[in-house]
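Remarks on the overall topology
Below are the chains, spelled out letter by letter.
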Amino acid sequence: MLVGWVAGWRGIRRLFTNLDPGENAMQLNESDSTFRSIFEQIKSIYSNVCQNITFIDPTHSPEKPESDLVNANIKFDEVLRFTDKTVSSNDGYPAADADGFTINFIRGGNPASAIFLKSSAAGITENDSPDLYWLIQTLFLHHELMHAQDLKLGKNFNLANKTVDLVKAEVYADVKTLRFFDNFRKDGGEPFRNMYATGILGREKSPIYTRIFNGIIKTFPQARLRAWASASLISPENNKNPTKTHPAEL
Ligand SMILES: [Zn+2]
């Protein structure tokens, strides 16, 4: 069902050559046109936001974040733990089975982030479909990078009192990711955007995700998300692996 979805897709190269050269200066290798290279280029676009990106085993079970950082060889002084008192553990926001998560920490007096991605994206391995695998990993990566950016900007994370507005932080990451790929829809971003809309619509209807969804549709109305998702070859109805990406330790 998934094979060939992106194989015939043209224009991915333009997505990245048309980015603002000031902020996103990069060289595109002529022979490097796979989705994996897109993933690598997103990494370099946001290298000032986060340079710690680690793949972990799909069976990874949550450990202390300190252990995750040590295992990934990431130096840190202190792990940052943000709380949101308005969100209870009954709201359906489990960190345990996230496909991607971010650990925030202090190093040299400054806040920094480490992104962890499971080496099976929404249940799809690289062997199943390399293009789809890297497409989804790219979306997960962008989502987590937006959390790292949010922390750096101090928009929804309050470093002074270690609090976060969890719903707003998730809405921020989702809206920024949708907007990034929508901005480049004519230059190859459309399948990314459509896939992301599919993921949003396919999420479970828990209280927390309902609040996040209601925040997203203030920017991208539900009808538009549905139109985008319907153009994706994986429809919400067929999405048996609802995507969950969010920062841990919140
Ligand atoms: Zn998130």
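Please refer to the structure placed before this passage.
Residues numbered from 1 in each chain as written. Predicted model: local features only at pLDDT ≥ 70, side-chain atom pairs only at ≥ 80, totals over all residues.

Brief notes about the environment of His147
- Topologically, His147 is positioned in helix α5 (residues 130-153).
- On the basis of neighbour count, His147 is assigned to the buried category, with 29 C-beta atoms found within 10 Å. (Helix = DSSP H or I, 4+ residues; strand = E, 2+ residues; numbered from the N terminus. Buried ≥ 20, exposed ≤ 12 C-beta atoms within 10 Å, placed from the backbone.)

Some thoughts on the packing of helix α6 (residues 166-183) against helix α8 (residues 207-216)
- Viewed as axis vectors pointing N to C, α6 and α8 meet at an angle of 50°, and their least axial separation amounts to 9 Å. When the axis of α6 is compared with that of α8, the two are oblique. Judged by the sense of rotation from one axis to the other, the crossing of α6 with α8 is right-handed. Across the interface between the two elements, Val167, Lys168, Glu170, Val171, Asp174 and Val175 of α6 pack against Arg211, Ile212, Gly215 and Ile216 of α8.
- Looking at the contact of α6 with α8, its residues break down into five nonpolar, one polar and four charged. (Axes fitted to C-alpha atoms, helices over the stretch in contact; angles between N-to-C directions. Parallel < 35°, antiparallel > 145°, perpendicular 65-115°, else oblique. Left-handed = near helix turned anticlockwise from the far one by under 90°. Contact = placed C-beta atoms within 7 Å. Nonpolar A, V, L, I, M, F, W, Y, C, P; charged D, E, K, R; others polar.)

Details of helix α3 (residues 35-45)
- Three or more residues of α3 are buried, namely Phe35, Ile38, Phe39, Gln41 and Ile42. Buried positions in α3, seen along its axis, are confined to an arc of 165° and lie on one side of it. (Arc of directions from axis to C-beta.)

Digging into unusual backbone geometry
- Phi at Asn73 is positive, roughly 65°, even though this residue is not glycine.
- Relative to the assigned elements, Asn73 resides in the loop between α4 (65-71) and β2 (78-80).
- By C-beta crowding, Asn73 is classed as exposed, having 8 other C-beta atoms within 10 Å.
- A positive phi angle, near 55°, is found at Lys162, a position not held by glycine.
- Positionally, Lys162 belongs in the loop between β5 (157-158) and β6 (163-164).
- Given 12 C-beta atoms within 10 Å, Lys162 falls into the exposed group.

Quick notes on the pairing of strand β3 (residues 100-107)
- Among the eight residues of β3, six are classified as buried, and the element is accordingly described as predominantly covered.
- In this sheet, β3 lies alongside β2 in antiparallel orientation, the contact comprising three bridges. Its bridge partner being in β3, Glu78 is matched across the sheet by Ile106.
- Where β3 meets strand β4 (residues 110-118), eight bridges bridge the pair, whose relative direction is antiparallel. The partner of Asn104 across the bridge, within β4, is Ser113.
- Turn length for the β3-β4 hairpin, with the two strands adjacent in sequence and antiparallel, is two residues, and the turn residue Gly108 shows positive phi of about 60°. (Pairing = 2+ DSSP bridges.)

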